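One letter stands for each residue in the lines below.
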Amino acid sequence: MLKGKHIGFGLTGSHCTFDAVYPQIENLVELGAKVTPFLTYTVETTDTKFGDSGDWMKRLQTITSEPFVNSMVKAEPFGPKTPLDLMIIAPMTGNSISKFANAMTDNPVLMGAKATLRNGKPVLLGISTNDGLGLNGVNIMRLMATKNIYFIPYGQDDHVKKPNSLVAHMDQLIPAAEAAMHGNQLQPVLVQK
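As named in an unreviewed UniProt entry, the protein chain is Dipicolinate synthase subunit B, taken from Shouchella rhizosphaerae.

For helix α7 (residues 137-144), every residue scored as buried is listed here: Gly137, Asn139, Ile140 and Leu143. What you see down the axis of α7 is that its buried residues fit within an arc of 165°, all on one side.

Next up on the list: the packing of aromatic side chains. In total, this model carries five aromatic pairs according to the counting rule given. An angle of 40° between the planes, with centres 6.0 Å apart, marks the rings of Phe18 and Tyr22 as tilted. Highlighted residues: Phe18 and Tyr22, both in helix α1 (residues 18-30), separated by four residues, approximately one helical turn. With relative accessibility at 0%, the residue Tyr22 sits in the buried group. Centroid distance Phe38 to Phe78: 5.0 Å. Interplanar angle 65°. Geometry classified as edge-to-face. Taken together, the residues Phe38 in strand β2 (residues 34-39) and Phe78 in the loop between α4 (72-75) and β3 (86-92) connect sequence positions 40 residues apart. Each member of the pair, Phe38 together with Phe78, is buried. By the ring-pair criterion, three or more aromatic residues cluster together here, those being Phe18, Tyr22 and Trp56.

What counts, and at which threshold
Residues numbered from 1 in each chain as written. Predicted model: local features only at pLDDT ≥ 70, side-chain atom pairs only at ≥ 80, totals over all residues. Heavy atoms only, no water. Buried < 20%, exposed > 50% of the residue type's maximum accessible area, 1.4 Å probe, protein only. Helix = DSSP H or I, 4+ residues; strand = E, 2+ residues; numbered from the N terminus. Arc of directions from axis to C-beta. Phe/Tyr/Trp six-rings, centres within 6.5 Å; stacked < 30°, edge-to-face > 60°.

Structure representation (structure tokens):
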């Protein structure tokens, strides 16, 4: 189902989730998909306790040989000129969730998602946010009710210490992507983490 498909893969700044996401990008490539990485400025330039940005970029380049989409100018052609079959954003931070739900397009990842929706193709979100059951809950629900937007199943990652936090089960990315390509939401979408 994913073989031969052109997939945009957007990474936003939930650095703690990269270790769970990168193997899924590898899986997409192994399945025969052409994977083009879209990056927010934070992902490309911020070093954290979870790793240096340069190391993450090198690892990503070894997974997919496609050039990084790291500017608005590079992202814009993915609308009319180079349409994607599917756009995946994983991890997707609360900040990006809020922007996307309110039609704000200020980075290459969100531009790629907007272009994909404009072309009537699916966008799959793998959320990772500390306020999914807080202020961002309304934004998640707005996106869930939007045509052609799908979610990797998600749940609370630490209901005791972080009761508002929601994180996608990144190991469900491939089946969620296949379902989205068929116009379906992988169920159940709300799962125990």
